[in-house]
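# Understanding the architecture of this molecule
If you want the building blocks of each chain, they are given just below.
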Amino acid sequence: MRKDELRQQIRQQKRQFTPEQLRELSLPVLARLRPLLAEASVIMAYYSLPDEVCTHLLIDELVAEGKTVLLPKVIDGETMELRRYTGRDDLEEGAYHILEPVGELFKDYASIDVVLVPGLAFDAAGHRLGRGRGYYDRFLNGTDGTDPNADVFDSAEGSVPRTKTLGLCFDFQKVDVVPTDAHDRAVDIVV
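In this report, the structure presented in the accompanying data block is examined. (Residues numbered from 1 in each chain as written. Predicted model: local features only at pLDDT ≥ 70, side-chain atom pairs only at ≥ 80, totals over all residues. Heavy atoms only, no water.)

### Describing the packing of aromatic side chains
Scanning the model with the defined rule gives three aromatic pairs in all. Seen from their ring centres, Phe-17 and Phe-172 are 5.0 Å apart, and the 15° between their planes marks the pair as stacked. Of the two residues, Phe-17 sits in the loop between helix H1 (3–14) and helix H2 (19–37) while Phe-172 sits in the loop between strand E10 (164–168) and strand E11 (189–190), which places them 155 residues apart along the sequence. By relative accessible area, which is 28% here, Phe-17 ends up partly exposed. Centroid distance Phe-170 to Phe-172: 5.5 Å. Interplanar angle 10°. Geometry classified as stacked. The exposure classification of Phe-170 matches that of Phe-172, with both residues buried. (Phe/Tyr/Trp six-rings, centres within 6.5 Å; stacked < 30°, edge-to-face > 60°. Helix = DSSP H or I, 4+ residues; strand = E, 2+ residues; numbered from the N terminus. Buried < 20%, exposed > 50% of the residue type's maximum accessible area, 1.4 Å probe, protein only.)

Structure follows, in structure tokens:
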């Protein structure tokens, strides 16, 4: 199956659920996720869209626990940057009508312990199908313009431990095989 066909299939499945049902379906995903974040101090998350696993309460809980929470902000058609999230006052509508952070710019990528990655579909090997714009693949591969000479998320042995990437999805978004290209970045764990 081609990427565009799989995207269409998953979008069609999502339309079968109301926003309330999707928030309810988020609860077991978040229950599986929380233990994976227990030891993390710096977490890159995302402020979920209505058709994604709902992260709104989770990120507020993480901030309340004293963790540093970072959210992506789309800068242009190729690039996103990270901003510190301290509460809902840090959000305003940005590109694609997505609530994005306006907090302090964050550049110490090597200090990030965990990255939460959204996706339309994931397979057991961690391959991810995104929405098609490539923001997360470029960012995780270090080619988003922040530092084109280094991939801080794949540190060399003996240096900073590699950041864990966790893909969040509903159970119906888990598929046998996600078609991949050379630039696609798999996640470590599908939650």
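### Digging into the sheet that holds strand E1 (residues 42–44)
Across the sheet, which stays open at both edges, the seven strands sit in the order E6-E3-E2-E1-E7-E10-E11 with mixed pairing between neighbours. Two strands in the sheet have a free side with no partner beyond their single neighbour: strand E6 (105–106) and E11. The sheet strands contacting H2 are E1, strand E7 (114–118), E10 and E11, and the helix crosses E10 at an angle near 170°. Along the sheet, helix H3 (residues 56–64) contacts E1, strand E2 (68–74), strand E3 (80–85) and E7; its crossing angle with E2, the most-contacted strand, is approximately 135°. (Pairing = 2+ DSSP bridges. Contact = heavy atoms within 4.5 Å. Axes fitted to C-alpha atoms, helices over the stretch in contact; angles between N-to-C directions.)

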